[in-house]
Amino acid sequence: MKSGRLVFTTDFAALKDCDVHFICVGTPQTKGSLAADMTYVNAALDAVAPHAKPGSLVVGKSTVPVGTAQRLHDRLKKVSPQADLAWNPEFLREGFAVEDTLRPNRLVVGVTNDSSENILKEVYKDLLAANIPWIRADLPTAELVKVAANSFLATKISFINAMAEVCEAANGDVTVLAQAIGHDPRIGSRFLQAGIGFGGGCLPKDIRAFMARADELGARQALEFLREIDSINLRARQRMIELVRADLSEDLKGKKIAVLGAAFKPDSDDVRDSPALDIASQIHSAGADVIVHDPKAIENARARFPRLGFAQSIEECVKDADLVLHLTEWKEYRALDPVAVKKLVKNAIVIDGRNHLDREKWLAAGWKFRALGRTHHN
Ligand code: UDX
C-alpha cells in the first residue's frame with residue numbers, strides 16, 4: 001500500500017485504466033434450490049464491463065456453473081467489444097489462502113485466444129518461472145476443472161465415511177483401514193479422515209450446484225453418485241447424534257453437553273455449513289444444554305446460533321459436562337490433558353467426531369471413548 005500499487009475503492013470508474021480485472025465474488029447456494037446463486041457474478045460483470053478499456057482482460061475466478069463464462073463473454077462483448085474474458089479458477093483452501101496463491105499446485109486458464117493467454121502469462125510470470133504447471137483450456141473445461149476437483153475431494157471424504165459405517169457394523173476400525181489403503185500411492189492418504197464429514201462454503205454447495213447444472217445439460221445420470229456423496233455426508237452428522245443419544249439413555253433433556261469446535265474445519269473462523277454447529281444445534285433442539293468452545297469461531301457461531309451457549313475457555317466449556325463432543329480438530333484439543341479435563345466434567349465420556357484425539361491417552365485416563373467408525377471402548 002505504501003508503494004501506491006495496492007489501492008482499495010468502491011468506485012467502478014477507477015477501473016478504466018486497468019489492464020486486467022479479476023472477478024472473485026461468491027456463488028452461494030440459492031435458497032430453496034441446489035443451484036448456485038449467480039446474482040453477484042452477474043452484477044460484477046455488469047459493473048466492470050462499461051469500464052473495461054480496449055485490450056483489457058476480465059478474468060473470472062468465481063466457481064460457476066459450466067457455461068457461465070461463455071455467457072459473460074458475450075455479455076461483455078456487447079458493451080466493450082474490444083475487451084476480452086478468460087476463466088481462471090482458484091483452488092484456495094481456507095486457512096491457506098496466501099500459501100495457495102503464492103505456491104499453487106497448478107494454474108488453469110480458460111481462454112478463447114492467444115492474446116488472452118499471453119496477458120495471463122504476464123500476470124503469473126513469477127509462478128511460471130517457478131515451473132508451476134500451466135494448463136490452457138477452453139472456457140467450459142476451465143469452469144469444470146474446479147467443480148470436478150471439489151467433487152473428487154467430497155467423494156473421497158464420503159468414501160471413507162461410508163467405510164466408517166461398514167466398520168461400525170463389522171467391528172472394524174476405519175482409522176487403521178484409512179491408513180492402510182492410503183499407503184497405495186494411487187489412493188493417497190490425504191482427505192481420508194473419517195468423521196462428521198465435510199462442510200464449509202465450498203464442497204457442499206459446489207457438488208449441489210454441479211448436480212443442478214448437469215440436470216440442465218441433460219447429464220443428470222452422470223452425477224447421480226454425488227447425491228449419494230451428499231447423503232453419506234449428512235448421515236455422518238446423524239450417526240454422531242445417535243452416539244450421543246446412546247450414551248445419554250436417549251433422553252437429552254437437561255443434559256449438559258460440551259462441544260469442542262464450531263468452525264467447519266480447524267485454522268478457520270468460518271462456520272458456513274459447519275457440521276459441528278449443525279450437530280450442536282440439533283442436540284440443543286432436543287433439549288440438551290449445549291456449551292460450545294472454539295479458538296477462533298465463537299463470534300461467527302453466536303451470530304448464526306444465538307440460542308446455543310458459548311464458552312471462552314475449554315475449562316468453562318467442559319465444566320460439569322455429562323458428555324464431551326470433539327467436533328473440529330483444532331490442535332488445542334489434541335493437546336488437552338485428559339487427566340486434568342476429567343476432574344472438571346461430571347461424566348468422563350468423550351465422543352471424537354473427527355478421529356483426531358489420542359484414544360489410548362483418553363482411555364488410560366479413565367474416559368469412556370467413542371468415535372465414528374471405531375469399536376467402542378469403555
Ligand atoms: C475446499 C477445497 O479443498 C479447495 O481446493 C477449494 O478451493 C475450496 O474448497 P475448504 O473449503 O477450505 O477448501 O476446505 P477443505 O480443506 O477442503 O475441507 C472441507 C471439509 O472437509 C471440512 O469440513 C473438513 O473438515 C472436511 N474433511 C476434510 C474431512 O471431513 N475429512 C478429510 O479427510 C478432509
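Everything numeric here is computed off the predicted structure, so don't read it as measured data. (Residues numbered from 1 in each chain as written. Predicted model: local features only at pLDDT ≥ 70, side-chain atom pairs only at ≥ 80, totals over all residues. Heavy atoms only, no water.)

### Observations regarding the overall build of the chain
Along the backbone of the chain there are 15 helices and eleven strands. Taken along the three principal axes of its C-alpha coordinates, the chain extends 70 × 45 × 40 Å. Partitioning the contacts of the chain with sequence separation of at least 6, the portion at a separation of at least 24 is 70%. About 18400 Å² of surface is accessible on the chain, with carbon and sulfur atoms providing 55% of the total. (Helix = DSSP H or I, 4+ residues; strand = E, 2+ residues; numbered from the N terminus. Contact = heavy atoms within 4.5 Å. Areas by Shrake-Rupley, 256 points an atom, 1.4 Å probe, with all protein chains shown as cover.)

### Some words on empty space enclosed by the protein
Tallied over the entire structure, the rule returns one cavity of 30 Å³ or more. Roughly 80 Å³ of volume is contained in the largest cavity. Of all elements in the fold, only α6 (139–170) and α8 (203–216) reach the threshold of two or more residues within the lining of the largest cavity. Sort the elements by how many residues they give to the lining of the largest cavity and α8 lands first, with five residues. Each residue belonging to the lining of the largest cavity can be placed in one class, and the counts come to eight nonpolar, two polar and three charged. Inspection of the lining of the largest cavity shows a minimum of three residues originating in each of domain 1 (12–137) and domain 2 (150–230). (1 Å grid on protein atoms, 1.4 Å probe; cavity = no way out; pocket = protein on both sides within 12 Å on 5 of 7 lines; lining within 4 Å. Points joined across faces, edges and corners; volume = space filled by probe spheres on them. Nonpolar A, V, L, I, M, F, W, Y, C, P; charged D, E, K, R; others polar. Domains from an automatic or database assignment.)

### Looking at the domain arrangement of the chain
Here the chain is described as being made up of domain 1 (12–137), domain 2 (150–230) and domain 3 (235–371). For domain 1 and domain 3, the distance between their C-alpha centroids amounts to 40 Å.

### Some words on the environment of V79
For V79, the position within the fold is in helix α2 (residues 68–79). On the basis of relative accessibility, which here comes to 48%, the residue V79 falls in the partly exposed class. Sequence-distant contacts of V79, defined by excluding residues within four places in its chain, comprise A49 and P50. (Buried < 20%, exposed > 50% of the residue type's maximum accessible area, 1.4 Å probe, protein only.)

### Some points on the pattern of salt bridges
Throughout the structure, instances matching the rule amount to 32 salt bridges. With a shortest N-O distance of 3.6 Å, R302 and E299 are connected by a salt bridge. A residue pair is termed a helical-turn pair when its members lie 3 or 4 positions apart in one helix, as R302 and E299 do in helix α11 (residues 298–304) at three residues. (Salt bridge = Lys/Arg side-chain N within 4 Å of Asp/Glu carboxyl O.)

### Remarks on the packing of α6 against helix α7 (residues 174–182)
In contact at an axis separation of 9 Å, α6 and α7 are set at 135° when each is read in the N-to-C sense. Put simply, α6 runs oblique to α7. As for how α6 packs across α7, the hand of that crossing is right-handed. Contact residues: α6 offers F159, I160, M163, A164 and C167, while α7 offers V174, L177, A178 and I181. (Axes fitted to C-alpha atoms, helices over the stretch in contact; angles between N-to-C directions. Parallel < 35°, antiparallel > 145°, perpendicular 65-115°, else oblique. Left-handed = near helix turned anticlockwise from the far one by under 90°.)

### What about the layout of surface pockets?
Approximately 690 Å³ is the volume attributed to the second largest pocket. Lining the second largest pocket are 23 residues; nearest its centre among them are L15, C18, V20, H21 and F22. Of all the secondary-structure elements, those providing two or more residues to the lining of the second largest pocket are β1 (20–23), α1 (39–48) and α4 (114–123). Residue contributions to the lining of the second largest pocket peak at four residues, all from β1. Considered class by class, the residues forming the lining of the second largest pocket number 16 nonpolar, three polar and four charged.

### Describing α8
Under the 1.5 Å per step criterion, the end-to-end length of α8 is 20 Å for 14 residues, consistent within 8% with the ideal 20 Å. Across the 14 residues of α8, twelve count as buried, placing the element largely inside the fold. Those residues of α8 that are buried are in contact with α6 and α9 (224–247). At the exit of α8 stands G218, carrying a positive phi of roughly 80°. (Expected span 1.5 Å × (residues − 1).)

### What to know about the packing of aromatic side chains
Applying the stated criterion to the full structure yields two aromatic pairs. Here the aromatic rings of Y124 and W134 are separated by 6.3 Å at their centres, their planes lie at 65°, and the arrangement is edge-to-face. Separated by ten residues along the polypeptide, Y124 in the loop between α4 and α5 (125–129) and W134 in strand β5 (residues 134–137) bring together distant segments of the chain. Overall, Y124 belongs to the buried group, its relative accessible area being 12%. Among the residues examined, W134 registers a relative accessible area of 19% and is labelled buried. The cationic tip of R93 hangs over the ring face of F96; the distance from NZ or CZ to the ring centre is 4.3 Å. Above the plane of the ring of F91 lies R106, whose end atom (NZ or CZ) is 3.6 Å from the centre. (Phe/Tyr/Trp six-rings, centres within 6.5 Å; stacked < 30°, edge-to-face > 60°. Lys NZ or Arg CZ within 6 Å of the ring centre and 35° of its normal.)

### Brief notes about the site of the ligand
Taken together, 20 residues lie near the ligand, and L92, E94, Q193, F264 and K265 sit nearest. A distance of 3.4 Å is found between an oxygen atom of the ligand and a side-chain nitrogen or oxygen belonging to K146. In this structure, L192 approaches the ligand through a main-chain N or O atom, which is 3.3 Å from an oxygen atom. If the ligand stood free it would expose 670 Å²; the protein chains cover 91% of that surface. With four residues, α6 is the largest single contributor of residues to the shell around the ligand. A per-class count over the shell around the ligand returns ten nonpolar, four polar and six charged. (Near = heavy atom within 4 Å. Polar contact = N/O pair within 3.5 Å; in protein donor to acceptor, adjacent residues only side chain to side chain.)

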